[in-house]
Amino acid sequence: PSGLAPVGSPMPKGFLRLDRIVSHTFGITRMAARDKILKGLVRLDGQKVTKASKLVATESSSSSSSLLSSEMKLELIDPFTGNRDIDSWRAHDHLILNKPKATITAMKSNSHKTVIDVLQKVNAFKPRLRPVGRLDLDTTGLLFFTSDGELAHRLMHPTYHIPKTYLVLVIVIESAPSHRHVSLFSSSSFL
């Protein structure tokens, strides 16, 4: 076999497409399996595979619990941790804080109280902790801290497409917001 099989083509005996094996092995849909493969989140024998149509030699029928031969290793990579082992995770400090108003997300400031000041006040600060992301001075909400630079990078960098959700409450005392104000907020281009 050439190593790749178009969708719908007859399958050579003893081979299956990688997306089918990933779907079966991890209990996910074929579409989800293809998505993970295309994103580079699947390793076969330690090598990243990005072609869902890759043909893989099988040892047994699809009714068995494993489709791969016993010598092959299939891994699904966690996009957040990169599948680092649990001891690597434990080697770092992680903390969450409900950031209060009138506090800035900074390590130090001469003019405002910082999130580090809040952590020190409750004896929760550790020297290597850094905030992941930021919230403005008068914004309250969940703020994650970690001493794991790689994890912080994966959570913040746009390459990893980690969704973030914000809830904005606008209170106008003098008058109702104009259509212009509403469209500015809803367009996500308000600065």
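The structure we're discussing is the one just above.
Everything numeric in this text was worked out from a predicted model, so none of it was measured.

Thresholds, definitions, all that
- Residues numbered from 1 in each chain as written.
- Predicted model: local features only at pLDDT ≥ 70, side-chain atom pairs only at ≥ 80, totals over all residues.
- Heavy atoms only, no water.
- Pairing = 2+ DSSP bridges.
- Helix = DSSP H or I, 4+ residues; strand = E, 2+ residues; numbered from the N terminus.
- Axes fitted to C-alpha atoms, helices over the stretch in contact; angles between N-to-C directions.
- Contact = heavy atoms within 4.5 Å.
- Salt bridge = Lys/Arg side-chain N within 4 Å of Asp/Glu carboxyl O.
- Buried < 20%, exposed > 50% of the residue type's maximum accessible area, 1.4 Å probe, protein only.
- Core = buried A, V, L, I, M, F, W, Y, C linked by side-chain atoms within 4.5 Å.

Asks: What am I meant to see in the pairing of strand S10 (residues 141–146) here?
Replies: Remember that side chains alternate between the two faces of the sheet whenever the strand is regular. The pairing of strand S6 (residues 94–99) with S10 spans 6 bridges and is classified as antiparallel. Within the sheet, the bridge partner assigned to Ile96 lies in S10 and is Phe144.

Asks: I would appreciate a short explanation of the sheet that holds strand S9 (residues 130–132) in the present structure.
Replies: Consider a sheet: its strands pair through backbone hydrogen bonds, and that pairing is either parallel or antiparallel. The strand order across the open sheet formed by 3 strands is S6-S10-S9, and the pairing between neighbours is antiparallel. A strand with exactly one partner marks an edge of an open sheet, and here the two such strands are S6 and S9. On average, each strand axis in the sheet is tilted by 40 degrees relative to the strand beside it, whichever way the strands run. In the sheet, S9 pairs with S10 via 3 bridges, with the strands oriented antiparallel. Bridge assignment links Arg130 to a residue of S10, and that residue is Thr146. Along the sheet, helix H5 (residues 149–156) makes contact with S6, S9 and S10, crossing S10 at roughly 140 degrees.

Asks: Would you take a moment to explain the pattern of salt bridges for this structure?
Replies: A side chain with one charge can pair with a side chain of the opposite charge if their charged atoms come near. According to the stated counting rule, one finds 8 salt bridges in the structure shown. Measuring nitrogen to oxygen at the nearest pair gives 3.8 Å for the salt bridge that ties Asp93 to Lys126. Here Asp93 is found in the loop between helix H3 (86–90) and S6, whereas its partner Lys126 is found in the loop between helix H4 (115–121) and S9, with 33 residues between them in sequence. Relative accessible area serves as the criterion here: at 40%, Lys126 is assigned to the partly exposed category. Connected through shared salt-bridge partners, Arg17, Asp19, Arg30 and Arg34 make up one network.

Asks: Please explain unusual backbone geometry as it appears in this structure.
Replies: Glycine aside, residues mostly have negative phi, and peptide bonds are mostly found in the trans state. Of note in this structure, Ala102 is not a glycine but carries a positive phi near 60 degrees. For Ala102, a relative accessible area of 44% gives the class partly exposed. A positive phi is found at His161, a non-glycine position, where the angle reads about 50 degrees. Positionally, His161 belongs in the loop between H5 and helix H6 (179–186). His161 sits in the exposed class, given a relative accessible area of 66%.

Asks: What am I meant to see in the nonpolar core here?
Replies: Most often, soluble globular proteins have nonpolar side chains that are buried together. Membership of the largest hydrophobic core comes to 14 residues, with the highest contact counts inside it found for Leu18, Ile21, Val22 and Leu74. Contributions of two or more residues to this core are made by helix H1 (18–26), helix H2 (30–38) and strand S2 (42–44). Looking at which element gives the most residues to this core, the answer is H1, with 3 residues. Once residues lying within four places of it in the same chain are set aside, the contact partners of Val22 are Gly27, Ile28, Ala33, Ile37, Val42 and Leu74. Membership of the second largest hydrophobic core comes to 10 residues, among which are Leu95, Val115, Leu119 and Leu129.

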